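Tertiary structure, described
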Amino acid sequence: MLHTIHVRPELKGEAREQNAVAIPEATAKWALIFPPFWLIKHGLMLELLGYGLITLVVLIVLFTPLAPTALFLGGLPALYLFLEGHQLRRDALERRGYLMVDVVDALDEEVALMKHFDAHDASQEDRSIKISTPLRRAPSLRGNDDLSFGLMGDPER
C-alpha cells in the first residue's frame, strides 16, 4: 500500500522524525464506521464541526415530512469520509505547514516512516560521498550546436 510522507520543513534531526506523518493512499474504513471518533483521532476539528452541522441538519429534517430523504442523506457524510478521509488529513496537514516529501510503499504507517527515513539517511551518505569526489564540468554548447530537432526546434532559425 502506498503512503505519502509529510514533514514540517523547519524541523531538523530527531524532531523532524518524531513529527513526520505517513498517510495511506486507501479508503478510511474506520471513518465509515465511527466518523466523529475517526475525525477526533486524526485531529480534524474543522471537519468535525462540518460533520456535526450536517448531522444537526439531518436530525432536524427527520422531524419533517421529508424524513425518508433525511435517512438516505444521513449516510452520505460518512460515505464521503470513507472515500476522501485521508485526503482531508493531507489537506489539514498542509494547512498546518507540513509538506509532502515522499511516497513510500509499505504495509503500515510505521513501516512507511522507517523506509522513508532510512532512504533519507542513505541519500545523505551518498551526498557526502559525491561532494568529496572532484566534479567534472559538462561540455558547453558552442556556436550552432542545436540539439533540438523536429517541430520543437529553435524558432529563430
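Please refer to the structure placed before this passage.
To keep things clear, this report deals only with the structure shown in the data block. (Residues numbered from 1 in each chain as written. Predicted model: local features only at pLDDT ≥ 70, side-chain atom pairs only at ≥ 80, totals over all residues. Heavy atoms only, no water.)

**Describing helix H4 (residues 45–62)**
We apply this condition: Strands here are runs of E lasting at least two residues and helices are runs of H or I lasting at least four, both read from the DSSP assignment and numbered beginning at the N terminus. Multiply 1.5 Å by the residue count of a helix minus one, and that product is the helix's expected span. A simple rule labels every residue: compare its accessible area, found with a 1.4 Å probe on the protein chains alone, to the largest value its type can have, and call it buried under 20%, exposed over 50%, or partly exposed in between. The arc refers to the directions leading from the helix axis to the C-beta atoms. By the convention used here, residues are in contact when the closest approach between their heavy atoms is within 4.5 Å.
The terminal C-alpha atoms of H4, which comprises 18 residues, lie 25 Å apart, in line with the 26 Å expected from a rise of 1.5 Å per residue. Considered for burial, the residues of H4 that qualify are Glu47, Tyr51 and Val58. In an axial view of H4, the angular spread of the buried residues amounts to 35°, which keeps them on one side of the axis. Exposed side chains of H4 directed beyond 90 degrees from the buried face belong to Leu46, Leu49, Leu53 and Ile60. Where the residues of H4 are buried, they touch helix H3 (35–41), helix H5 (67–74) and helix H6 (76–95).

**Focus on the environment of alanine 31**
In this structure, alanine 31 sits in helix H2 (residues 29–33). Apart from the residues lying within four places of it in its own chain, the contact partners of alanine 31 are Trp38, Ala78, Leu81 and Phe82.

**A closer look at the pattern of salt bridges**
Note the following rule: A pairing counts as a salt bridge when a side-chain nitrogen of Lys or Arg comes within 4 Å of a carboxyl oxygen of Asp or Glu.
Counted by the stated rule, this structure contains four salt bridges. Residues arginine 95 and glutamate 47 are paired through a salt bridge, measuring 3.1 Å at the closest nitrogen-oxygen approach. Residue arginine 95 is found in helix H6, and its partner glutamate 47 is found in helix H4; the two are separated by 48 residues along the sequence. Judged by relative accessible area, which is 51%, arginine 95 ranks as exposed. Judged by relative accessible area, which is 15%, glutamate 47 ranks as buried. Between arginine 89 and glutamate 109 there is a salt bridge; the shortest N-O distance is 3.9 Å. Linking arginine 89 in helix H6 with glutamate 109 in helix H7 (residues 109–132), this pair joins segments that are 20 residues apart in sequence. Classification of arginine 89 as buried rests on a relative accessible area of 7%. Residue class for glutamate 109 comes out partly exposed when judged on its relative accessible area of 32%.

**Some words on a nonpolar patch on the surface**
The condition that has to hold: In this scheme, patches are assembled from residues that exceed 30% relative accessible area and form no salt bridge. Like charges are connected within 9 Å, while nonpolar side chains (Val, Leu, Ile, Met, Phe, Trp, Tyr) are connected within 5 Å. Residue burial considers only the protein chains on display, and all accessible areas are found by Shrake-Rupley using a 1.4 Å probe.
Nonpolar side chains collect at one region of the surface, where Trp30, Leu32, Ile33, Phe34, Phe37, Phe72, Leu73, Leu76, Leu79 and Leu83 lie side by side and expose about 1,100 Å² of accessible area between them. Looking at the nonpolar patch, the elements that each hand over two or more residues are H2, H5 and H6. Tracing the chain through its elements places phenylalanine 34 in the loop between H2 and H3. The partly exposed category is assigned to phenylalanine 34, whose relative accessible area is 42%.

**Brief notes about the sheet that holds strand E1 (residues 2–7)**
Where we set the bar: At least two DSSP bridges between two strands are needed for those strands to be called paired. Fitted lines through C-alpha atoms give the axes, limited to the stretch in contact for helices. The angle between two N-to-C directions lies from 0 to 180 degrees.
In space, the three strands of this open sheet follow the order E2-E1-E3, with antiparallel pairing throughout. Two strands bound the open sheet, and with one partner strand each, they are strand E2 (21–24) and strand E3 (99–105). Each strand of the sheet is rotated relative to its neighbour by a mean of 30°, with strand direction disregarded. Pairing of E1 with E2, which is carried by four bridges, proceeds in the antiparallel orientation. Looking across to E2, one finds that histidine 6 is bridged to valine 21. Docked against the sheet, H6 engages E1 and E2, running at close to 150° with respect to E2.

**Notes on the packing of H4 against H5**
Inclusion rule: We call two directions roughly parallel when the angle between them is under 35 degrees, roughly antiparallel when it is over 145, roughly perpendicular when it lies between 65 and 115, and oblique otherwise. Here a crossing is taken to be left-handed if its near helix is turned anticlockwise relative to the far helix by less than a right angle, and right-handed if that turn runs clockwise. All residues other than Ala, Val, Leu, Ile, Met, Phe, Trp, Tyr, Cys, Pro, Asp, Glu, Lys and Arg, Gly among them, are scored as polar; the first ten of these are nonpolar and the last four charged.
Packing of H4 against H5 leaves a shortest axis separation of 8 Å and a crossing angle of 155°. When the interaxial angle is binned, H4 and H5 end up roughly antiparallel. Crossing hand, H4 versus H5: left-handed. Taking contact as the criterion, the partners of Val58, Val61 and Leu62 in H4 are, on H5, Ala67, Ala70, Leu71 and Gly74. Here the residues of the contact of H4 with H5 are counted per class, giving six nonpolar, one polar and no charged.

Honestly, that's just the spatial picture; any functional story needs more than this.
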